[in-house]
Every structure is written in structure tokens, then in C-alpha cells.
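Structural overview
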Amino acid sequence: MPAPDTILEARDVSCHFDVSPPWLTRVVERRGRRILKAVDGVSFRVRRGTTFSIVGESGCGKSTLARLVVGLVQPTAGTIAFGTAPDAQGKPRTPRLQMIFQDPYASLNPRWTVEDIVAEPLHELKLRQGAAISARVGELLSLVGLARTDASRYPHEFSGGQRQRISIARALATEADLLVCDEPTSALDVSVQAQVLNLMRGLQAELALTYVFISHNLAVVRHMSDDLAVMYLGRFVETGPAEGVFEGARHPYSRLLLDTIPDIESPNRERAPLTGEVPNPINRPRGCAFAPRCSLATDLCRSERPELGGRGDVAVACHHAA
Ligand SMILES: Nc1ncnc2c1ncn2[C@@H]1O[C@H](COP(=O)(O)OP(=O)(O)OP(=O)(O)O)[C@@H](O)[C@H]1O
Ligand SMILES: [Mg+2]
């Protein structure tokens, strides 16, 4: 059982996909099985009422980790344990999970009105009956900054940011405690992103929500996160309190990601560009996965994988972390 303030604890979780060609092809071409290690031995703890962010480039395993958390895929190894969250009466219960996706349009049924969409969990979970359903839908819509009259409209009548508000209202209808948000604002314009992020922060304070927040953009998570993990090729390379990582990132990859954040004070300063591509997770390099792109890499890095560890609260997986 996780510690009392812990809502979710992942221990050494892996998710490997068998992407081998069919048996006959393997025999004819004399090839072995191909195992893609999308997530490979990841551990973290999410405290109730806080935001745990996971950041990394495309393909590093963020969505797979999100799907592991909500149970859409099963771990190949390791465990995910849940603590408790108080229900409406304050009694502890197993936390309710909901996922918020990047593309709200794909996750909203286009033939349903907003009322149908937001009311569905109320029917499904028997949370309200009769006239109380419409009243609750109205309440939820105003909670996310939409008008009560929006209930009779269809998803296509809304902008991207408004559609994301609808999916948040639907998630809140389930009385979710933990929202796993997979790039919830990446498809939106910058100004709209900020509005949705502010809404999410407000809701968190009001409803004591817990977020697992996924983004490829460190600037986006900067003002959202209590704890942060930087992910690279299926593993965490740096993790700890967000402030600690932002103020003193020690992994060369975290530093490069931080360097891509626009700097208002000195916009023209020299920056080391983040070059190269994430290696193929099937033919993972033997030592440190980041070594092929790292300016500090030595023979040690190319032969031996660094484990997560370190001083203070922030853990780093790097042989040369200063
Ligand atoms: N069902 C699956 N079968 C095989 N491979 C998969 C499957 N799901 C994901 N992968 C692979 O696992 C790796 C991680 O994918 P994932 O979608 O988790 O990355 P991501 O960090 O979310 O990337 P993005 O930022 O592009 O969304 C990728 O190489 C992907 O091709
Ligand atoms: Mg993804």
C-alpha cells in the first residue's frame, strides 16, 4: 500500500511490444524477435492534489506510460499501485481515473450534443437522476468556463480550446480524482493553451485534483508541475521537484530541452541546438541512450548505462552530471 499522501505509485514499470515480423519471415530471413521497449523500468510516485509532469521528445514513451497508468495497456513488468482519494462524503476510496487526450475532436462523439456527452458518465455511474442530470451538466459547463446554453450544441460548433473544455467537463462528470492529460494543449494556439492551462490549475485548486501531465514542451509544464520527470527512450533521465529540475537541471538532455524555452530576458543568447534524433527503441544503444547525441559522452557512456541516482531530491541518470 502506498504512503498516505500518495495517489499513485509506479515501481519499475516496463512496457515492451513484440514487433517481430511473422514467424515464417523470421525463419526465411534468419531474424530474431524484435522487442520494442517503449517504457523500460520507470518508477515514480504521485502525491494527491499535485501535478506530476512527464516531458520528452516524440517517441520516448510518454503516451505508453499514460496508457499504463489508466490501465489501457498492461505492464510487461513492474507494478502500478493506487492509494486512496476522499469521495464526496470524505470517505477514502480507490481513486477514479480519467484520461484527457491531445485531440478533443477525436474523443468527442460528433453526433452527440454537449449535454449528451457530459451527461453520459452521470447516467453510466448513476451519479444523478432525472432533472438533476441537466442541472449537473449546466454546473459542469460553467465550471469549465462554457455557457449553460452550450449544452444543446454539437462539438463541431466549438473551437479547439472549447472542445478541450468539453472533454474536461466530461472527465469531471465522473468525479475523477486523477486526470491523466496526454498533451492536452499541444494542438491549440499558444494563447488558447495558456487559457486551458489556467483553467486546469484553477480546477485543481478548487477540486483537489491530481494531474499526470504529459508534454513534449518544458515551457508548458513549467507553471503546472510540482514534480517532473524528463524521459528519454523509455526511461527517466532526471526526476524530482519541478523547481529543482528547472533551476538546476543536471542531465545534458534536460539542459538541452530547457535551452529550447524562449528566454525573454536575453532572446539572442547563444544556444546549443538539440540536434540528432531519438534512437530507435528496438536497437537501443548499449550504454547511455543519449550518448550518440551528447557532447559530453565518453567511452564509459557508450559502454555502461548510468542508473538514476544523485544528491538531494533530484535524481539523474548520467555519468557526467555535474
Ligand atoms: N501498440 C504498440 N505497438 C508497438 N509499438 C508501439 C505501440 N505503442 C507505442 N509503440 C512505440 O513505442 C514507442 C513510444 O511511443 P509513445 O506513443 O508512447 O511515445 P510518445 O512519447 O507519446 O510520443 P509522441 O510525443 O509522438 O506522442 C514508439 O517507438 C512507438 O512506435
Ligand atoms: Mg504521445
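Everything that follows concerns the structure shown earlier in this document.
Our subject in this report is the structure included herewith.

1. Section: helix H4 (residues 114-124)
Where H4 is concerned, the buried positions are Val114, Ile117, Val118, Ala119, Pro121 and Leu122. Turning to H4, the residues buried within the fold contact helix H5 (131-143) and helix H6 (160-173). The positive-phi residue at the C-terminal boundary of H4 is Lys126, with phi of around 55°.

2. Some thoughts on the layout of surface pockets
If a probe the size of a water molecule is rolled over the atoms, the empty space left behind becomes visible. Of the volumes computed, that of the largest pocket is approximately 550 Å³. Around the largest pocket, the lining comprises 27 residues; the ones closest to its centre are Ser43, Phe44, Phe236, Thr239 and Leu308. Where the lining of the largest pocket is concerned, the elements lending two or more residues are strand S2 (35-47), strand S10 (227-232) and strand S11 (235-241). The element that contributes the greatest number of residues to the lining of the largest pocket is S2, accounting for seven residues. Of the residues in the lining of the largest pocket, the class split is 13 nonpolar, five polar and nine charged.

3. Observations concerning a nonpolar patch on the surface
Taken together, Trp23, Leu24, Val27 and Val28 make up a surface patch of nonpolar side chains, about 460 Å² in accessible area. Along the polypeptide, Val28 turns up in helix H1 (residues 23-29).

4. Looking at the packing of aromatic side chains
Tallying each qualifying case throughout the model produces six aromatic pairs. Plain terms: the ring middles of Phe44 and Phe236 are 5.8 Å apart, the flat faces sit at 45° to each other, and that makes the pair tilted. Residue Phe44 is found in strand S2, and its partner Phe236 is found in strand S11; the two are separated by 192 residues along the sequence. Like Phe44, the residue Phe236 is buried in the burial classification. Through successive ring pairs, a cluster of aromatic residues spans Phe44, Phe52 and Phe236.

5. Observations concerning empty space enclosed by the protein
One pass over the full model with this rule turns up one cavity of 30 Å³ or more. Quantified by volume, the largest cavity comes out at close to 60 Å³. Every residue lining the largest cavity is listed: His251, Pro252, Cys288, Phe290, Ala291, Cys294, Cys301, Pro306, Ala317, Cys318, His319 and His320. For the lining of the largest cavity, the class distribution of residues is nine nonpolar, three polar and no charged.

6. Focus on the sheet that holds strand S4 (residues 77-82)
The strand order across the open sheet formed by three strands is S2-S1-S4, and the pairing between neighbours is antiparallel. Across the chains shown, the open sheet's two edge strands, defined by having one partner strand only, are S2 and S4. Each strand axis lies, on average, 15° off the axis of its neighbour in the sheet, ignoring direction. Looking at chain direction, strand S1 (residues 6-18) and S4 are connected through five bridges and run antiparallel. Across the sheet, the residue bridging to Glu9 is Ala81, located in S4. Strand contacts of helix H2 (residues 62-70): S1, S2 and S4, with the helix running at about 60° to S2, the strand carrying the most contacts.

Calculation criteria
Residues numbered from 1 in each chain as written. Chains lettered and ligands numbered in written order. Predicted model: local features only at pLDDT ≥ 70, side-chain atom pairs only at ≥ 80, totals over all residues. Heavy atoms only, no water. Buried < 20%, exposed > 50% of the residue type's maximum accessible area, 1.4 Å probe, protein only. Helix = DSSP H or I, 4+ residues; strand = E, 2+ residues; numbered from the N terminus. Contact = heavy atoms within 4.5 Å. 1 Å grid on protein atoms, 1.4 Å probe; cavity = no way out; pocket = protein on both sides within 12 Å on 5 of 7 lines; lining within 4 Å. Points joined across faces, edges and corners; volume = space filled by probe spheres on them. Nonpolar A, V, L, I, M, F, W, Y, C, P; charged D, E, K, R; others polar. Patch = residues over 30% accessible without salt bridge, like charges linked within 9 Å, V, L, I, M, F, W, Y side chains within 5 Å. Areas by Shrake-Rupley, 256 points an atom, 1.4 Å probe, with all protein chains shown as cover. Salt bridge = Lys/Arg side-chain N within 4 Å of Asp/Glu carboxyl O. Phe/Tyr/Trp six-rings, centres within 6.5 Å; stacked < 30°, edge-to-face > 60°. Pairing = 2+ DSSP bridges. Axes fitted to C-alpha atoms, helices over the stretch in contact; angles between N-to-C directions.

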